[in-house]
Amino acid sequence: MAIISSNINESNSPRSKKELRIVKSEILPEDKSDAQVISNRPKFFNEFIGHEKLKSSLKISIDASLFRNECLDHILLYGQPGLGKTTLALIVANEMNTKCKVINASSLERPRDIVGLLLGLKENEILFIDEIHRLSNLTEEILYPALEDFKLDLTIGASRGTRCRTIHLPKFTLIGATTKLASISSPLRDRFGICQKLYLYSPEDLQKIIFNFSNLINIVIDEEASLRLALCSRGTPRIALRLLKRSRDYSQVIKKNNIVTIEIVEKVLNNQKIDHRGLDEIDRSFLNYLYKNNCGPVGLESIAAALSEDSTMLEFIVEPYLIQLGLISRTSRGRVLTPSGENYINEYHEL
Ligand code: ADP
């Protein structure tokens, strides 16, 4: 049972006003240019490129729950940042013809944060919690009965004035997204009826995403330039769209037009020190460090300390792509440079 030590309805405090705004907006744009990306996100499954199996399995669950006139089972989406987890949650809401409230788990520090959020939900609405592995234990405990029986078990007040209350909630769907599935406690994980992984995209799918997005932002991009961008985007739509937007900047400033050519793309990639496989400075420092250690196994923390980078960032953003390219491997004793990784570094030093 969750203990809420103060009145749960604190809508007058400055903090709760801020959170209410966060919860009510569909999504918080990171910056002004991202606001355009948000409005240009795919809205329905047919606009979401790739991940065919995942889409058809979600579609079946959605159609079945619409048929039964019930709310959808809770969904857990996991995979690296930028692969489309938030976009999918918003698509599920559109396909279910309902609203989606988006929040990051780091904003749900206190028990009353999640309580306020749950009390604000309406029947069949979707609550999307990004980075759900960051929920505190107390917040998770409040969520368990909410997810399973759509009720809140609360203890309100302190010492002698304590009262126990059960509040019934409207039926809702929680969509959780995480980059770290292993960090989610198993009681929480078990409460998701649907659990899906998002994988890195193929260059062909990324090229389609680039073409679709260039149409939306009125950019003309040819086959060669779009393929080059796709190959350098580490299998990640967010990176592909970011590089496309930087290419648009270059074409508008240098050529005074909206045409992205291979020449423009090369300029952007050179400027960002991204090579033909999408590797950047951090990737190369990572590989170089292993190379200098005679290719022997090196612990992640040692690499992070040597590169002055965050070990979590290295583990979840840098390493997966290097592993996918076969340049490094993870062993129980640490990270190892593979023969392909060694060749890559030798070739790079020769340039
Ligand atoms: P995540 O939540 O996994 O970090 P997002 O959903 O925010 O990723 O997606 C990042 C960007 O990439 C968004 O602008 C989104 O529209 C775009 N995107 C992601 N996946 C796809 C896809 N399959 N098709 C089209 N655009 C996509």
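These numbers were taken from a predicted model, which means no experiment stands behind them.

1. Description of the packing of helix α8 (residues 203–216) against helix α9 (residues 223–231)
Okay, so step 1: The N-to-C vectors of α8 and α9 enclose an angle of 120°; their axes lie 8 Å apart at closest approach. By the criterion of interaxial angle, the relationship of α8 to α9 is oblique. Note that α8 runs across α9; the crossing there is right-handed. Mapping the contact onto sequence places Pro203, Leu206, Gln207, Ile210 and Phe211 in α8 and Glu223, Ser226, Leu227, Leu229, Ala230 and Leu231 in α9.
Okay, so step 2: In terms of residue class, the contact of α8 with α9 is built from eight nonpolar, two polar and one charged.

2. Some remarks on the site of the ligand
Okay, so step 1: Close to the ligand lie 17 residues, the nearest being Ile49, Gly82, Lys85, Thr86 and Thr87.
Okay, so step 2: A distance of 3.1 Å is found between an oxygen atom of the ligand and a side-chain nitrogen or oxygen belonging to arginine 41.
Okay, so step 3: A distance of 2.7 Å separates an oxygen atom of the ligand from a polar backbone atom of glycine 82.
Okay, so step 4: In the complex, the protein chains occlude 94% of the 570 Å² of accessible area that the ligand would expose alone.
Okay, so step 5: If you list the elements that add at least two residues to the shell around the ligand, you get α4 (85–95) and α10 (237–255).

3. As for the side chain of serine 214
Okay, so step 1: Counting through the fold element by element, serine 214 comes out in helix α8.
Okay, so step 2: Serine 214 gets classed as buried once you look at its relative accessible area, which sits at 2%.
Okay, so step 3: For serine 214, the contacting residues outside a window of four places in its chain are Ile219, Ile221 and Leu244.

How each quantity is defined
Residues numbered from 1 in each chain as written. Predicted model: local features only at pLDDT ≥ 70, side-chain atom pairs only at ≥ 80, totals over all residues. Heavy atoms only, no water. Axes fitted to C-alpha atoms, helices over the stretch in contact; angles between N-to-C directions. Helix = DSSP H or I, 4+ residues; strand = E, 2+ residues; numbered from the N terminus. Parallel < 35°, antiparallel > 145°, perpendicular 65-115°, else oblique. Left-handed = near helix turned anticlockwise from the far one by under 90°. Contact = heavy atoms within 4.5 Å. Nonpolar A, V, L, I, M, F, W, Y, C, P; charged D, E, K, R; others polar. Near = heavy atom within 4 Å. Polar contact = N/O pair within 3.5 Å; in protein donor to acceptor, adjacent residues only side chain to side chain. Areas by Shrake-Rupley, 256 points an atom, 1.4 Å probe, with all protein chains shown as cover. Buried < 20%, exposed > 50% of the residue type's maximum accessible area, 1.4 Å probe, protein only.

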